[in-house]
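Analysis of the macromolecular model
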Amino acid sequence: MPQLSITTIATDTPMGAQAYQRQVTSRAAEALAATGEPWSVREHTVRSLRSSLPGDRRLPLGRLARASASTRAVVGRLLYRGDDVSHRMTLELPPSPHADVVTLHDVVAWRFPDESAPVAAAAEELRRSAAVICVSAFTAAEAQELLGITDPHVVPNGVDPRYFDAAPLAAALLNGLGLDGRYVLHAGGAARRKNLHALAEAWPLIRRERPDLRLALAGPEHPERTALFEGQPGVHLLGRLPDELMPGLVAAAAVVAVPSLYEGFGLPVLEAMAANVPVVAADTSSLPEVAGGHAILTGPDAAAIASGIIDATSGDSTLASMLVAGRAHAAEYTWERSAAAHARIWSAVR
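Residues numbered from 1 in each chain as written. Predicted model: local features only at pLDDT ≥ 70, side-chain atom pairs only at ≥ 80, totals over all residues. Heavy atoms only, no water.

An unreviewed UniProt entry lists the protein under the name Glycosyltransferase involved in cell wall biosynthesis, with Microbacterium murale given as the organism.

This is the structure:
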């Protein structure tokens, strides 16, 4: 029976990449069984030497990220013993000597200096791997152009079914967050590519036209976000919220804003569509691809973002048809479909 291992790194601040890992890993055995051949699937969670997080392997992750390709290869031979196929879901992990499958969500480490530095040997390892899985055609093109990867596989993410069923958060919960009226939601990180500086410049223009609107910013605390928005009228810095609140928070929003300069995928676009909420997104990177024509796309500058959000909250009758089409579009992105595509790749490289 062929052996697949799926290996991740433990983190106390899970984001979109960790949602991907959880959703694909939980469906891996079933997806492989559907190919007609039984597989053995095991999961590994690597943590750093001093981490108190749950996991079943320990590695010096900081040193490993800076290590040479040859040193990382030695560690990989130990980590993936017994595998036929090894899927490492983050570039920090070393390569496998067996069929080495890697997920590449984006190339921000190479594109943006304020992001974490790229793993020193990552580009070389990606070129040598059995398969590179990219979450969008945009990311696949970036991988080919910037890293020299040939024939990457495009396997889009899925949408958590909770967003299709989500009821807006109860008024008491919203009031507890300071959201006692209509609000624009931005959820995610605050790196410079998220373009929060343009959203901050846009907000006074929006408030001038829509003085009843609030701006809700959900995500891990970040000094740049705080500096940009603290003291602005109608802005609520929510911090990192429990995952179980997010579908209801999205469903209760008047608009979800995704003004990013660069996204490898842009899952918040589809989550909002699934919850019947209008999306205003920048016409950049993977966002038009993921939106599929069912969002209000704007330039990434403050004036364009403001205009898009004002239009999205106008009550125009055309918004209703956009919402219906957007929800149907989001329904095409399932984790079952994503896991099935992963299974075909695992089987092919064995």
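There is more to say after this.
**Thoughts on the pairing of strand S4 (residues 85-88)**
Burial of the side chains of S4 extends over both faces: Val85 and His87 are buried on one face and Ser86 and Arg88 on the other. Relative to S4, strand S1 (residues 3-9) runs parallel, the two sharing 4 bridges. Following the sheet pairing, Leu4 is matched in S4 by Val85. Examined bridge by bridge, S4 and strand S5 (residues 99-104) share 4 bridges and lie parallel to one another. Each bridged residue has a counterpart across the sheet, and for Val85 the counterpart in S5 is Ala99. (Buried < 20%, exposed > 50% of the residue type's maximum accessible area, 1.4 Å probe, protein only. Helix = DSSP H or I, 4+ residues; strand = E, 2+ residues; numbered from the N terminus. Pairing = 2+ DSSP bridges.)

**Some details on the environment of Leu179**
Considering the arrangement of structural elements, one finds Leu179 in the loop between helix H8 (171-176) and strand S8 (183-187). Separated by 57 residues in sequence, Leu179 and His236 place their C-alpha atoms 7.8 Å apart. Apart from residues no more than four positions distant in its own chain, Leu179 is found in contact with Leu174, Arg214, Ala216, His236, Leu238 and Leu249. (Contact = heavy atoms within 4.5 Å.)

**As for the packing of aromatic side chains**
Tallied over the entire structure, the rule returns 4 aromatic pairs. Their ring planes at 55° and their centres at 6.3 Å tell us that Tyr20 and Trp335 sit as a pair that is tilted. A residue pair is termed long-range when its members are at least 10 positions apart, and Tyr20 in helix H1 (residues 16-33) and Trp335 in helix H16 (residues 335-349) qualify at 315 residues. Of the two residues, Tyr20 and Trp335, neither departs from the other in class, the shared state being buried. Measuring from centroid to centroid gives 5.2 Å for Phe138 and Tyr262, while their planes differ by 65°, and the two rings are edge-to-face. Of the two residues, Phe138 is situated in helix H6 (residues 137-147) and Tyr262 in the loop between strand S11 (255-258) and helix H12 (267-274); the sequence distance between them amounts to 124 residues. As far as the burial class goes, Phe138 and Tyr262 line up, both buried. By the ring-pair criterion, three or more aromatic residues cluster together here, those being Phe112, Phe138 and Tyr262. (Phe/Tyr/Trp six-rings, centres within 6.5 Å; stacked < 30°, edge-to-face > 60°.)

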